[in-house]
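Listed here are the chains, written in short residue letters.
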Amino acid sequence: STCSNWQVMPFPRDGKFGGRHLDKRLEATPIVPEHLRPFRGQFEQVDPTDRKSSRKNKAKLSVEKVGDRELILEELNKNVNGLSLVSKELRDDRELVLVAVKKSGLQLQYASKQLRNDFELVLEACRQNGNALCHASQSLRGDRQVVLVAVRQNGMALDHARKDCRGDHRLVLEACSNSPFALQYARSKSRDNPEIVLKAVK
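A short tour of the structure in this document, coming up. (Residues numbered from 1 in each chain as written. Predicted model: local features only at pLDDT ≥ 70, side-chain atom pairs only at ≥ 80, totals over all residues. Heavy atoms only, no water.)

1. As for the pattern of salt bridges
Opposite charge on two side chains makes pairing possible when the charged atoms of those side chains draw close. Tallied over the entire structure, the rule returns eight salt bridges. The salt bridge partner of Asp168 is Arg144, with a shortest N-O separation of 2.9 Å. Here Arg144 lies in helix α7 (residues 144-153) and Asp168 lies in the loop between α7 and α8 (169-178), a separation of 24 residues in the sequence. Residue Asp168 is classed as buried on the basis of its relative accessible area of 18%. One salt bridge in this structure joins Arg162 and Asp164, with 3.0 Å as the shortest N-O distance. A single salt-bridge network, built from bridges that share partners, covers Arg144, Arg162, Asp164 and Asp168. (Salt bridge = Lys/Arg side-chain N within 4 Å of Asp/Glu carboxyl O. Helix = DSSP H or I, 4+ residues; strand = E, 2+ residues; numbered from the N terminus. Buried < 20%, exposed > 50% of the residue type's maximum accessible area, 1.4 Å probe, protein only.)

Right, here's the structure in full:
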């Protein structure tokens, strides 16, 4: 056989060379954009094998470090994960977070607890990506207007809605109109509704 000289290398039991461990190593090493390289000394190098250290010391951008709020706004406008780089204080800055979620709704996960309960900001995030609903506050995940915007953008976002919304006829119908597979997340009463079932199977 032409493959007789090939050797199969066993996958290490500790998983150090692939899979999720590799992903974590990549996440732990910040990529400094070219326009921020003059400030690269502000980015900390962390031990990728130390999970606690990686979470604590992940590179952060702040006005104090970069010295230019406009530069941070520019970065948030370009980087779909930009909000993950800003300091904790700036994650509570409504203007910055709004810019970030308009770029990528899923960045809502990095916003402060207070802003994840901000109706207009969450609405913008769900308008950009329906699945941002999973990062909204419990209260807003039960707000019919917010859920409606989310399921119109992505029907599968129904999975993240509060239980009472998953039994709402209009919301379930809208979700199934966008994605037939959303029916699985509806409450049993809605799954037995002929109008909703027909919408899902069309």
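2. As for the state of the cysteines
Scanning the model with the defined rule gives zero disulfides in all. The thiol of Cys134 is not disulfide-bonded; the next cysteine sulfur, from Cys126, is found 8.8 Å away. (Disulfide = S-S within 2.5 Å.)

3. Description of the environment of Glu74
Tracing the sequence through the fold places Glu74 in helix α4 (residues 69-78). The partly exposed category is assigned to Glu74, whose relative accessible area is 37%. Once the C-alpha coordinates of Glu74 and Val99 are considered, the two residues, 25 residues apart in sequence, prove to be 9.4 Å apart.

4. Some thoughts on the nonpolar core
Of all hydrophobic cores here, the largest spans 43 residues; its most connected members are Leu76, Leu108 and Cys126. Breaking this core down by element, the ones donating at least two residues are α4, α5 (94-103), α6 (119-128), α7, α8 and α10 (194-201). Counting residues per element, this core draws most heavily on α7, which supplies six residues. Once residues lying within four places of it in the same chain are set aside, the contact partners of Leu108 are Val101, Leu115, Arg116, Leu121, Val122, Ala125, Ala132, His135 and Ala136. (Core = buried A, V, L, I, M, F, W, Y, C linked by side-chain atoms within 4.5 Å. Contact = heavy atoms within 4.5 Å.)

5. A word on the side chain of Asp168
Engagement of the side chain of Asp168 in a polar contact is seen with the side chain of Arg144, the distance being 2.9 Å. Within the local environment of Asp168, its side chain forms a polar contact with the backbone nitrogen of Leu171, the two atoms lying 3.0 Å apart. (Polar contact = N/O pair within 3.5 Å; in protein donor to acceptor, adjacent residues only side chain to side chain.)

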